[in-house]
Amino acid sequence: MDPLLRGALAVSLLGAIARAAEPRSPPRPAHELELVNPSEPAAAQDAPCPAGTLPDGDVCVPVPDDEQGGSELSEEHNQHHDRHGVLRAYDQIPRRPERPTDFRLYHLPVTPPRDQSFVASGYDLDRPDSEQRRGAELRAVGHGGVDLAAPRGTRVALVNLENQVGDAEVLDVGHLFGNSVVTHHTLREGGRLREYLVIYGHLDSAAPGLSHGMTLAEGALLGYVGDSGSPGAVHLHFEVRRARAGVDAESLTLGQVNQNSKTVACDPRNVLELVSK
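Residues numbered from 1 in each chain as written. Predicted model: local features only at pLDDT ≥ 70, side-chain atom pairs only at ≥ 80, totals over all residues. Heavy atoms only, no water.

1. With respect to the overall build of the chain
Counting its secondary structure elements, the chain contains two helices and 14 strands. Per-residue burial over the chain gives 36% buried out of 277 residues. For the chain, the share of sequence-separated contacts (at least 6 apart) that also reach a separation of at least 24 residues comes to 63%. Total accessible area on the chain is roughly 15800 Å²; 53% of this is exposed by carbon and sulfur atoms. (Helix = DSSP H or I, 4+ residues; strand = E, 2+ residues; numbered from the N terminus. Buried < 20%, exposed > 50% of the residue type's maximum accessible area, 1.4 Å probe, protein only. Contact = heavy atoms within 4.5 Å. Areas by Shrake-Rupley, 256 points an atom, 1.4 Å probe, with all protein chains shown as cover.)

Below you can see the structure in the form of structure tokens.
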């Protein structure tokens with residue numbers, strides 16, 4: 001045999017012997033095998049976020065679900081003459097018929113007195129012009145919130161809204177309806193996420209340390225009931241507004257919060273959580 005061929009055969013034989021001598025890993029038991037769902041796309045199997053969310057940087061953001069959240073709240077047009085006789089036109093979201101009229105059935109920022117009327121004035125933007133508030137003492141024609149009577153110094157607490165996603169944030173603290181705190185909430189509504197702003201006004205003082213962007217849990221202290229901006233009329237002005245489509249609610253200033261071009265007044269009973277829940 002050719003010497004070169006004899007050498008090649010020898011090297012091949014030695015390699016086969018070495019491979020045969022290597023230890024072999026025993027087969028993995030069936031219960032240790034990784035199971036792959038053939039009906040689930042490969043991309044979903046490798047997704048870094050749980051179902052119902054999508055990655056946004058280092059966090060997983062909820063994806064709106066048509067089967068979850070509240071129904072879409074419809075805006076309606078209305079108009080009234082203000083106290084100077086000027087006709088004002090605006091959009092507003094009236095109370096849904098199935099929502100209770102009694103504010104005591106909802107979670108509120110102040111505790112209502114027992115067996116005593118505490119709603120000094122209510123939402124009336126859905127009323128005809130002739131039924132708007134007027135008079136020497138009630139000059140705020142076209143009331144987009146609700147005035148809750150409570151003793152001076154009563155604690156004002158943050159309330160969450162129905163179908164809210166995550167915690168609320170402080171939008172701003174300053175002078176709007178007297179001393180005011182405005183919070184920003186994201187709600188799941190009609191299969192998408194909508195931004196809402198809640199105004200707490202006429203406070204004796206705001207809670208110390210509140211600032212833009214601060215995250216707050218339900219029940220957090222916002223301030224104390226007073227009469228700033230309404231001397232002699234101690235009460236809490238509580239107002240809910242939905243940001244218009246395309247408006248970045250977080251960028252609004254205090255002066256823009258209640259502008260009809262930026263936000264739409266909403267009857268608070270549409271989005272407040274019921275006490276029975």
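2. Examining the pattern of salt bridges
The tally for this structure, following the rule as stated, stands at 13 salt bridges. A salt bridge links arginine 99 to glutamate 162, with the nearest nitrogen and oxygen atoms 3.3 Å apart. Here the residue arginine 99 occupies a position in the loop between strand 4 (87-93) and strand 5 (119-121), and glutamate 162 occupies one in the loop between strand 7 (155-157) and strand 8 (168-176), the gap between them amounting to 63 residues. With respect to burial, arginine 99 and glutamate 162 carry one shared label: buried. (Salt bridge = Lys/Arg side-chain N within 4 Å of Asp/Glu carboxyl O.)

3. So, the pairing of strand 6 (residues 145-148)
Burial of strand 6 is two-sided: the residues Gly145 and Asp147 facing one way and the residues Val146 and Leu148 facing the other way are all buried. Here four bridges tie strand 6 to strand 13 (residues 236-243), and the two strands are oriented antiparallel to one another. Following the sheet pairing, aspartate 147 is matched in strand 13 by histidine 237. (Pairing = 2+ DSSP bridges.)

4. Considering unusual backbone geometry
The phi dihedral of asparagine 163 is positive, around 60°, even though this residue is not glycine. With respect to the helices and strands, asparagine 163 occurs in the loop between strand 7 and strand 8. You will see that histidine 202, though not glycine, has its phi angle at about 60°, which is positive. Tracing the backbone shows histidine 202 in strand 10 (residues 192-206). Residue classification places histidine 202 among the buried residues on the basis of a relative accessible area of 10%.

5. Side note on the nonpolar core
Val156, Tyr196, Tyr200, Leu222, Leu236 and Phe238 are the most contacted members of the largest nonpolar core, which has 35 residues in total. Residue assignment for this core shows that the elements contributing at least two residues are strand 6, strand 8, strand 9 (178-189), strand 10, strand 12 (221-225), strand 13 and strand 14 (263-266). Tallying contributions element by element places strand 10 first for this core, with four residues. Contacts of phenylalanine 238, omitting those with residues within four sequence positions, involve Pro109, Gly145, Val146, Leu148, Val159, Val198, Ile199, Tyr200, Pro268 and Leu272. Counting residues in hydrophobic clusters, the runner-up holds ten residues, among them Ile199, Ala243, Val247 and Ala249. (Core = buried A, V, L, I, M, F, W, Y, C linked by side-chain atoms within 4.5 Å.)

6. Things to note about the packing of aromatic side chains
Tallied over the entire structure, the rule returns two aromatic pairs. Judged by centre distance (6.5 Å) and plane angle (55°), the ring pair of phenylalanine 103 and tyrosine 106 falls under tilted. With relative accessibility at 2%, the residue tyrosine 106 sits in the buried group. (Phe/Tyr/Trp six-rings, centres within 6.5 Å; stacked < 30°, edge-to-face > 60°.)

7. A short note on the confidence of the model for the chain
Mean pLDDT over the chain: 81, with 73% of residues reaching 70 or higher. A low-confidence stretch, residues 2-18 stays under pLDDT 50, and its non-local contacts, those more than four residues away or across chains, total two contacts. A low-confidence stretch, residues 30-40 (pLDDT under 50), is modelled with four contacts involving residues beyond four sequence positions or located in other chains. (pLDDT = per-residue confidence, 0-100.)

8. Some details on the environment of aspartate 102
Tracing the chain through its elements places aspartate 102 in the loop between strand 4 and strand 5. Residues aspartate 102 and arginine 269, spaced 167 residues apart in sequence, show a C-alpha to C-alpha distance of 8.9 Å. Polar contacts involving the side chain of aspartate 102 include one to the main-chain amide nitrogen of arginine 104, which spans 2.9 Å. (Polar contact = N/O pair within 3.5 Å; in protein donor to acceptor, adjacent residues only side chain to side chain.)

9. Concerning the pairing of strand 14
By the alternation rule, side chains of strand 14 split into Thr263 and Ala265 and Val264 and Cys266, which are all buried. Examined bridge by bridge, strand 4 and strand 14 share two bridges and lie parallel to one another. Looking at strand 14, one finds that glutamine 92 is bridged to alanine 265. Strand direction decides the pairing type here: strand 13 and strand 14, joined by four bridges, are antiparallel. Bridge pairing links alanine 243 to threonine 263 in strand 14.

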